[in-house]
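# Architecture at a glance
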Amino acid sequence: MSTRSVAVVGAGISGVSAALALRSHGVEVTVLDRAHRVGGRMATRTLRGTGLPYDGRVVDVGAAYLTASAPAFQAVVDSWAARGLLRAWTDTFHVAGPDGRTGVVAGPLRYAAPAGLRSLVEDLAADLPLVVHPREVETVERVADGVEVDGERFDAVVLAMPAPQATDLLAADDPAAAVLADQRWEPTLTLVAAYDERCWPAFDAMFVNDSVVVDFVADDGRRRGDDAPVLVAHSGAVLAAGHLDDPASAAPALLEALEHAVGATAKPAWFDLRRWSLARPRTPLATAYSFDGVVGLCGDAWGAPPRVETAWTSGHDLGHVMATRLA
Ligand SMILES: Cc1cc2nc3c(=O)[nH]c(=O)nc-3n(C[C@H](O)[C@H](O)[C@H](O)COP(=O)(O)OP(=O)(O)OC[C@H]3O[C@@H](n4cnc5c(N)ncnc54)[C@H](O)[C@@H]3O)c2cc1C
């Protein structure tokens, strides 16, 4: 039997884990992503032009942390931790209302990455020989003996991305488009605020309840372990939906809500906003992936909750099943 070839479109954690699983069976894998760096929503930006001593420091602007529950993903987490790429952060988050803190809540152990969560996907992708980016894929068309990705033939394809992005690549009458049709996604805005010095009572992260403006705040200095006075706030979906064309116009509301929630006594010296049009799926799917013999679908919508571990598991399970069926 000749070597099977699969294109993986999307180099977020689900696409990279699918590619690694496929390659472990000897499948030839080409990973394509439109971004300049792999990682997708495990996104990290470097502070530039802040005028503060923290210029050059990275901040997580997508996923805030990760958790692990299943043994297979815990093994990946343990490997990152053993090599210093990941650190146990906290199992206790604060809770706030619109006017300030109301208590603390214990939960699972949250992990953070000193070099940002993107570095974890980069670590996994380092084992893949053929990762091509930036490369925006435009069409995925079935042919008699497989599939063409922008005209290049493969035996099968993995679409590892939010449903609206995957649907854009498929013909309207493709069966996979029908599988994706009911998925709805929510937007979020991420506010990064850097201060001259710490000016709030200590906390690691905070769920903000009863606010349509801010959902969640993380202390990025405590998360990363360098104590830099940098906060990251994620907006609610309603606020984001109203400001997708002009995220900067949401800054006054977000800054005020952030100040009240954490109890900051000074204004940030620098801030910036990032838009996520497709931040999280609104309705998680009951199965871990979809594969019809040619088109595989995976990502954080495939399972629940929509998180890093779910995305990794979805890609990992799909990759193993695809490799077995293609053989
Ligand atoms: C603001 C925010 C906060 C979050 N907080 C947490 C958290 O605290 N904990 C947690 O566990 N999870 C969190 N998440 C969710 C977590 O980030 C995701 O579950 C996970 O990263 C999804 O990975 P994925 O591979 O499924 O998709 P993605 O990371 O979205 O990857 C999809 C990839 O496909 C690429 N792509 C899309 N279209 C094309 C195309 N046409 N051609 C080529 N490439 C294409 C994109 O560039 C992207 O790299 C958060 C997400 C956001 C946005």
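Because the structure is a prediction, the values reported are computed rather than measured.

This next bit is on the sheet that holds strand β5 (residues 87-97). An order of β6-β5-β13-β14-β15-β12-β16 is seen for the 7 strands of this open sheet, with the pairing classed as mixed. Only two strands of the sheet have a single partner each, and these edge strands are β6 (100-112) and β16 (270-281). If you compare each strand with its neighbour and ignore which way they point, the axes differ by 20° on average. Direction of pairing for strand β12 (residues 185-194) relative to strand β15 (residues 230-235): antiparallel, over a ladder of 5 bridges.

A few words on helix α3 (residues 118-125). Along an α-helix, residues three or four apart share an orientation, since each turn contains 3.6 residues. For α3, the tally of buried residues reaches 6 of 8 residues, placing the bulk of the element in the interior. Listed as buried for α3 are Arg118, Leu120, Val121, Glu122, Leu124 and Ala125. The inward-facing, buried residues of α3 abut α1 (13-24), β3 (44-46), α2 (71-82) and β7 (131-132).

For the rest of this paragraph, the subject is the domain arrangement of the protein. Once the domains are mapped, the protein shows domain 1 (1-43 + 117-184 + 288-327) and domain 2 (64-116 + 186-280). Relative placement of domain 1 and domain 2: their C-alpha centres are 28 Å apart. Every contact between the two is made by 15 residues of domain 1 and, on the other side, 16 residues of domain 2. Among the elements of the structure, α3, α4 (163-169) and α9 (308-326) are those that each provide at least two residues to the side of domain 1 that touches domain 2. In terms of residues, the side of domain 1 that touches domain 2 owes the most to one element, α9, which gives 5 residues.

The next point concerns the nonpolar core. Across soluble globular proteins, you tend to see nonpolar side chains buried next to one another. If you look at the biggest cluster of nonpolar residues, it comprises 102 residues, and the most contacted ones within it are Val6, Val9, Val157, Leu159, Val217 and Leu258. In terms of residues, this core owes the most to one element, α1, which gives 7 residues. Both domains that furnish three or more residues to this core are identified here as domain 1 (1-43 + 117-184 + 288-327) and domain 2 (64-116 + 186-280). When residues no more than four places from it in sequence are discounted, the contact partners of Val157 are Val6, Ala7, Val9, Val140, Val147, Val149, Val295 and Gly296.

With an omega of 0°, the peptide bond running from His133 to Pro134 counts as cis. Position of Pro134 relative to the elements: it lies in the loop between β7 and β8 (140-143). Note that the residue after Ala304, namely Pro305, is joined by a cis bond; omega there is -10°. Summarising the element assignment, Pro305 is placed in the loop between β18 (295-298) and α9. A positive phi angle, near 50°, is found at Asp150, a position not held by glycine. Here Asp150 is to be found in the loop between β9 (146-149) and β10 (152-154). Even without a glycine there, the phi angle at Asp227 is positive, about 60°. Structurally, Asp227 is set in the loop between α6 (220-224) and β15.

Quick notes on the rules
Residues numbered from 1 in each chain as written. Predicted model: local features only at pLDDT ≥ 70, side-chain atom pairs only at ≥ 80, totals over all residues. Pairing = 2+ DSSP bridges. Helix = DSSP H or I, 4+ residues; strand = E, 2+ residues; numbered from the N terminus. Axes fitted to C-alpha atoms, helices over the stretch in contact; angles between N-to-C directions. Buried ≥ 20, exposed ≤ 12 C-beta atoms within 10 Å, placed from the backbone. Contact = placed C-beta atoms within 7 Å. Domains from an automatic or database assignment. Core = buried A, V, L, I, M, F, W, Y, C linked by C-beta atoms within 7 Å.

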